[in-house]
Amino acid sequence: MTLKVVIIEDEKHSRETLKSLLEDFCQDVKVIAMASSVDEAVKVLSVCSPDVVFLDIELQSGVGFDILEQIKEPSFEIIFTTAFEKYAIKAIKFSSLDYLLKPIDLDELQQAVEKARNRMDTNVYRQQIDTLMSTLAKENNKQEKICLATTAGMEFIALQDIILCKADGSYTSFLLKNKRSLLVSKHLKEYENLLADQQFMRVHNSYVINLNEVKKYIKSDGGYIIMSNDVHVNLSPRKKDDLMEAMKRL
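Below, the structure is looked at part by part.

Reading guide: rules and limits
- In this convention, every chain numbers its residues from 1, walking through the sequence in written order.
- In keeping with the predicted nature of the model, local features appear solely for residues at pLDDT of at least 70, side-chain atom pairs appear and are counted solely at 80 or more, and the whole-chain, interface and lining totals rest on all residues.
- As a convention, hydrogens and water are excluded, and side-chain values are obtained from all of the structure's heavy atoms.
- The criterion for a disulfide is a pair of cysteine sulfur atoms lying within 2.5 Å.
- Between any two strands, at least two bridges found by DSSP are needed for them to pair.
- The numbering of helices and of strands both runs from the N terminus, where a helix is a DSSP run of H or I of at least 4 residues and a strand a run of E of at least 2.
- In this analysis an axis means a line fitted to C-alpha atoms, helices contributing only their contacting stretch, and an angle means the value between N-to-C directions, from 0 to 180 degrees.
- Each residue gets one of three labels from its accessible area relative to the maximum for its type: buried under 20%, exposed over 50%, partly exposed in between, using a 1.4 Å probe on protein chains only.
- Whether two residues touch is decided by their heavy atoms; if any such pair falls within 4.5 Å, the residues are in contact.
- We define a salt bridge as a contact between a side-chain nitrogen of Lys or Arg and a carboxyl oxygen of Asp or Glu at a distance within 4 Å.
- Planes of paired rings set the category: under 30 degrees apart is stacked, over 60 is edge-to-face and the rest tilted, where pairs are Phe, Tyr or Trp rings (Trp by its six-membered ring) whose centres lie within 6.5 Å.

1. Some words on the state of the cysteines
Then comes step 1: Within the structure shown, the criterion is met by zero disulfides.
Then comes step 2: Residue Cys26 stays outside any disulfide, its sulfur separated by 19 Å from that of Cys48, the closest cysteine.
Then comes step 3: Considering cysteine sulfurs only, Cys147 is the nearest to Cys165, which forms no disulfide, with 14 Å between them.

2. Let's talk about the sheet that holds strand β15 (residues 214-218)
Then comes step 1: Here we have three strands laid out as an open sheet, ordered β15-β16-β17, and antiparallel in their pairing. Each edge of the open sheet carries a strand with a single partner, namely β15 and β17 (232-234). Across the sheet, the axes of successive neighbouring strands diverge by a mean angle of 30 degrees, strand direction being ignored.
Then comes step 2: Bridge count for strand β16 (residues 224-227) against β17 is three bridges, and the pairing is antiparallel. Paired with Ile225 across the strands is Val233, a residue of β17.

3. Here's the deal with the side chain of Ser173
Then comes step 1: You can see Ser173 is positioned in strand β11 (residues 171-176).
Then comes step 2: By relative accessible area, which is 14% here, Ser173 ends up buried.
Then comes step 3: Other than its neighbours up to four places away in sequence, Ser173 contacts Leu164, Cys165, Lys166, Ser181, Leu182 and Leu183.

4. Points about the sheet that holds strand β6 (residues 77-82)
Then comes step 1: Taken together, the five strands give an open sheet; going across it, the order is β2-β1-β3-β6-β7, and neighbouring strands pair in parallel fashion. Whereas interior strands pair on both sides, the edge strands pair on one side only; in this sheet they are β2 (29-35) and β7 (98-101). The mean angle between the axes of side-by-side strands here comes to 25 degrees, regardless of whether they run parallel or antiparallel.
Then comes step 2: Sheet topology places β6 next to β7; four bridges connect them, and they run parallel. Of the residues in β7, the one forming a bridge with Thr82 is Leu101.

5. Remarks on the pattern of salt bridges
Then comes step 1: With the rule as written, the count across this model stands at 13 salt bridges.
Then comes step 2: Its salt-bridge partner being Lys102, residue Glu9 comes within 2.7 Å of it at the nearest N-O pair. With Glu9 in the loop between β1 (3-8) and α1 (12-25) and Lys102 in the loop between β7 and α5 (106-118), the pair connects residues that are 93 residues apart, well separated along the chain.
Then comes step 3: Of the residues examined, Glu9 reaches a relative accessible area of 4% and is grouped as buried.

6. Section: the packing of aromatic side chains
Then comes step 1: Following the criterion strictly, the structure yields two aromatic pairs and no others.
Then comes step 2: Where Phe65 meets Phe80, the ring centres are 5.5 Å apart and the plane angle is 45 degrees; that geometry is what we call tilted. Taken as a pair, Phe65 in helix α3 (residues 64-70) and Phe80 in strand β6 lie far apart in primary sequence, 15 residues in all. Neither Phe65 nor Phe80 differs from the other in exposure class; each is buried.
Then comes step 3: Summarising the aromatic geometry, the rings of Phe174 and Tyr191 are spaced 4.9 Å apart at their centres and angled 90 degrees between planes, so their arrangement reads as edge-to-face. Placement of the pair is Phe174 in strand β11 and Tyr191 in helix α7 (residues 188-195), with a sequence separation of 17 residues.

And the structure:
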């Protein structure tokens, strides 16, 4: 199946470069339209029926998210592009959506195209977009949910239901309040960075914990934490003072 693509990018050179990369190096891809502004993009998307839209986050006439606010039920996949690692990237990660940093790497582009080609569940995708827009709307950067890509599919998990995250090789295991656990194919470092300002803290090489779910701190045996599910979590000695300060601020 040929993927129909729309590129929304305000820099002509970037538009043309991305078009060439897509049509020359990505199998069965056709760029059917390009736009350089928010208004132009909304018009293009109202008459075209793309499978995938490459959406630049920073446009001279606004931001890419302004377009999404005017397209109530997008039927296309979105791959965001940006030259900057900003707050918007964190929002995109919370939603488990794809983004590419400029200058665009060919291997990453090909992987993103194939992921978009193979994604079929539009209901789940709309939930991801809703999660993204909800995250962006929060002025205090306080998130409610995170989208986790597991082997079974996408799961939308309330942050308050996460007790801890545990490193499992190159994977991360999420332990939840309902005694469920989810295995996600990303390193713990990814979630340390993503959850750092959401009252989560990395207390050991193997653990990121929800500070609201700490039940006890035990000084003996080198110091460890007992979580609300009675799981014992090792505490790195260099993290002890940080933990005490963080607990006081709750």
